[in-house]
Amino acid sequence: MLDNLYRTVIMDHYKYKRNFEELKGENIVRVHYKNPTCGDVMTLFLDLEDARVRRAAFLGEGCSISMASASMMTELIENKPLKEVASLRKGFEDLIRHGEEPEKIDLGDSLSLQGVHPLKARHNCALMTWQALDKALKNTKEYTTF
Ligand code: ZN
């Protein structure tokens, strides 16, 4: 039952990708990322302001897990301070790598990807978009000092 519900959420994000567009402007951070194990590719766009994600968007193509995860992440991090984004990232990685549901962190729709945990070969699909985020924010103090 739960599996079906989760699958429905994932397929909904895959079919109707949220924030699936290019962000344009001088201050937009853009990062290209690919997952060699599955062939997924994506470009992440971030509009940052005052140590906060004002907007996040992406373009790309790949398997349902990678695209759904990116769609979910852009929704999840929008309007969040970078410090909180860093803790969301850690919570999501624990969910995928260790199958642990974080206690104090609300992962929103991203929680539906918990079922990826036993599928080790697909971990990179779920994590790709967060790795792109890491790459984009690696020089940002508020994100890395968490
Ligand atoms: Zn994939």
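Being a predicted model, the structure only gives us computed values, none of them experimental.

1. Focus on the side chain of Thr74
Inspection of the secondary structure assignment puts Thr74 in helix 2 (residues 64-77). Excluding its chain neighbours within four sequence positions, the residues that come into contact with Thr74 are Arg18, Asn19, Leu44, Ala56, Ala57 and Phe58.

2. So, the environment of Leu48
Structurally, Leu48 can be placed in strand 2 (residues 40-48). Overall, the relative accessible area of 26% leaves Leu48 in the partly exposed class. Residues Leu48 and Ser112 lie 64 residues apart in sequence; the distance between their C-alpha atoms is 27 Å. If near-sequence neighbours (up to four positions away) are discounted, Leu48 is found in contact with Val29, Val53, Arg54, Leu82 and Leu137.

3. Considerations on the pairing of strand 3 (residues 53-61)
The sheet contact formed by strand 2 and strand 3 spans eight bridges and is antiparallel. Residue pairing in the sheet places Leu48 in a bridge with Val53 of strand 3. The hairpin formed by strand 2 and strand 3 contains four residues between the paired strands, and Asp50 there has a positive phi angle of roughly 50°.

4. Some thoughts on the packing of helix 3 (residues 82-98) against helix 4 (residues 123-137)
Where helix 3 meets helix 4, the axes come as close as 11 Å, and the angle between the chain directions of the two elements is 155°. In terms of axis orientation, helix 3 runs roughly antiparallel to helix 4. Here the hand of the crossing between helix 3 and helix 4 comes out left-handed. The segment helix 3 lies against helix 4, with Leu82, Val85, Leu88, Arg89, Phe92, Glu93, Ile96 and Arg97 engaging His123, Ala126, Leu127, Trp130, Gln131, Leu133, Asp134 and Leu137. Its residues assigned to classes, the contact of helix 3 with helix 4 shows ten nonpolar, two polar and four charged.

5. Side note on the coordination of the zinc ion
Ideal coordination angles are 109.5 degrees for a metal with four donors arranged tetrahedrally and 90 or 180 degrees for a metal with six donors arranged octahedrally. Binding of the zinc ion to the protein goes through Cys38 (SG), Asp40 (OD), Cys63 (SG) and Cys125 (SG), at separations of 2.2 to 2.4 Å. Coordination at the zinc ion is tetrahedral, judged from the four donor atoms that bind it and the angles of 100 to 119° they form at the metal. In the primary sequence, the donor residues of the zinc ion line up as C-x1-D-x22-C-x61-C. Highlighted residues: Cys63 in the loop between strand 3 and helix 2 and Cys125 in helix 4, separated in sequence by 62 residues.

6. Quick look at helix 4
Since the α-helix turns once every 3.6 residues, residues separated by three or four places project in the same direction. Between its terminal C-alpha atoms helix 4 stretches 21 Å, which fits the 21 Å expected from 15 residues at 1.5 Å a residue. Burial analysis of helix 4 places twelve of its 15 residues in the buried class, the great majority of the element. Within helix 4, burial applies to His123, Cys125, Ala126, Leu127, Met128, Thr129, Trp130, Gln131, Ala132, Leu133, Ala136 and Leu137. Along its buried surface, helix 4 packs onto strand 1 (28-35), strand 2, helix 2, helix 3 and helix 5 (141-144).

7. So, the sheet that holds strand 2
Taken together, three strands build an open sheet; the order of strands is 1-2-3 and the sheet is antiparallel. Looking along the sheet, the strands with just one partner apiece sit at the ends: strand 1 and strand 3. Strand-to-strand twist in this sheet, taken as the mean axis angle between neighbours without regard to direction, amounts to 20°.

Conventions we followed
- Residues numbered from 1 in each chain as written.
- Predicted model: local features only at pLDDT ≥ 70, side-chain atom pairs only at ≥ 80, totals over all residues.
- Heavy atoms only, no water.
- Helix = DSSP H or I, 4+ residues; strand = E, 2+ residues; numbered from the N terminus.
- Contact = heavy atoms within 4.5 Å.
- Buried < 20%, exposed > 50% of the residue type's maximum accessible area, 1.4 Å probe, protein only.
- Pairing = 2+ DSSP bridges.
- Axes fitted to C-alpha atoms, helices over the stretch in contact; angles between N-to-C directions.
- Parallel < 35°, antiparallel > 145°, perpendicular 65-115°, else oblique.
- Left-handed = near helix turned anticlockwise from the far one by under 90°.
- Nonpolar A, V, L, I, M, F, W, Y, C, P; charged D, E, K, R; others polar.
- Donors = N, O, S within 2.8 Å, 3.2 Å for Na, K, Ca; no water.
- Tetrahedral: all angles 85-135°; square planar, octahedral: opposite > 155°, others 65-115°.
- Expected span 1.5 Å × (residues − 1).

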